Each structure stands twice: as structure tokens, then as C-alpha cells.
Amino acid sequence: MFSLTATKLNFSWVSVGLWTSASASCFILLPFYWWPDVWQVTFSILYSVIVLVSLGLAWRQPRSHIGIDSDGAYLRQHNNDLIRLDFVRANAVQLIARKVSDDTIWYSVWPQFCLIYRDQLGLEDYALLRSFAAQDMLSRGAKR
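Attention here is on the structure that accompanies the text. (Residues numbered from 1 in each chain as written. Predicted model: local features only at pLDDT ≥ 70, side-chain atom pairs only at ≥ 80, totals over all residues. Heavy atoms only, no water.)

**Considering the environment of tyrosine 47**
Inspection of the secondary structure puts tyrosine 47 in helix α2 (residues 37-60). Counting along the chain gives 24 residues from tyrosine 47 to serine 23, while the straight-line C-alpha distance between them is 9.9 Å. Setting aside its immediate chain neighbours within four residues, tyrosine 47 contacts Ser23, Ala24 and Phe27. (Helix = DSSP H or I, 4+ residues; strand = E, 2+ residues; numbered from the N terminus. Contact = heavy atoms within 4.5 Å.)

**Notes on the pattern of salt bridges**
Two side chains that carry opposite charge are able to pair once their charged atoms sit near each other. Applying the stated criterion across every chain, the model contains 4 salt bridges. Here aspartate 71 and arginine 84 are joined by a salt bridge, their closest N and O atoms 3.8 Å apart. Within this pair, whereas aspartate 71 is found in the loop between β2 (65-69) and β3 (72-76), its partner arginine 84 is found in strand β4 (residues 82-90), the two being separated by 13 residues in sequence. For aspartate 71, a relative accessible area of 62% translates into the label exposed. With a shortest N-O distance of 3.9 Å, arginine 140 and aspartate 86 are connected by a salt bridge. Placement of the pair is arginine 140 in helix α4 (residues 123-143) and aspartate 86 in strand β4, with a sequence separation of 54 residues. The class of aspartate 86 is partly exposed, set by a relative accessible area of 22%. Three or more residues are tied together by salt bridges with common partners; here these are Asp69, Asp71 and Arg84. (Salt bridge = Lys/Arg side-chain N within 4 Å of Asp/Glu carboxyl O. Buried < 20%, exposed > 50% of the residue type's maximum accessible area, 1.4 Å probe, protein only.)

**A short note on the layout of surface pockets**
In this model, the largest pocket occupies a volume close to 840 Å³. What lines the largest pocket is a set of 27 residues, among which Phe11, Ser15, Ala58, Gln61 and Gln120 lie closest to the centre. Of all the secondary-structure elements, those providing two or more residues to the lining of the largest pocket are α1 (13-29), α2 and β6 (113-117). When residues in the lining of the largest pocket are grouped by element, the largest group, 6 residues, is from α2. (1 Å grid on protein atoms, 1.4 Å probe; cavity = no way out; pocket = protein on both sides within 12 Å on 5 of 7 lines; lining within 4 Å. Points joined across faces, edges and corners; volume = space filled by probe spheres on them.)

**Re the packing of aromatic side chains**
Throughout the structure, instances matching the rule amount to 3 aromatic pairs. Their ring planes at 20° and their centres at 6.2 Å tell us that phenylalanine 43 and tyrosine 47 sit as a pair that is stacked. Of the two residues, phenylalanine 43 and tyrosine 47 both sit in helix α2, 4 residues apart, roughly one turn of that helix. (Phe/Tyr/Trp six-rings, centres within 6.5 Å; stacked < 30°, edge-to-face > 60°.)

By themselves these figures say nothing about function.
So, in C-alpha cells, the structure goes:
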């Protein structure tokens, strides 16, 4: 039986690196399209401001807690709402979990996911959560 007390999710530098590399590659390809220089400079300035504001907001956002109890994995947000998680993918870099919600039409069209990167938790906590995620995926696959 797995047990993990509510552990605080830290700020993830892996996610910042992934999003920065993806957006930088798009930004590098931008000059290959014909734009006037004024538009390119304006776009560069606006893009830089948006990136800095987004990083600032992500840094200041209250951190969630993740844990495992007898009912499965859960995510406790800063306002003490418990959200149950069903894991979809698990590997050495990230865990992807679908947030279990009421069966509404909106949820069936657009489900919410939670990404947990390896640098958000300690090594032992991440290994435990990854093991639980693998078992959770296998047990739900066997029920189908």
C-alpha cells in the first residue's frame, strides 16, 4: 500500500526550460517570414513582456500539495480543495494526471490535466509517486 503525506509542489525549472526552448525555436523561425522591421521589433518587445509577466505570475502563485491516501492520489490546492487524480503517463521526467471531475459535458470535451515534473518533488517522493502512478494505470487498465 502506498502512502504519501501531502507534499508541497515546488516551482519547476524543467517546465520553464521546456516552454522556453519551444517558444525560442518558434521565435528563431519568425525572421524567415517577411515582416517589416518595425513589426518584428514590436512583436519582440511584446513577447518579452508577456514572458516576463508569465514567469512572475507563475513564481508568485501559491503552491499546491500532492499526496496519496487510501482513495488514491489527490491534489490539494491553496484553498484546501481536494482534487482526485487519475494518472495517464509516468516517466522519469514528468507525470501526467487527469483531474477527476463530475461527468459534465465540458469535462468530457476538455478534461483538465496536471503535470508534475521531477524537480517539483524530492527524489524519494517522486519515485514513490511514479510507482503509484504506474500501479494506478495498470489497475485501471485491468478494470476496463
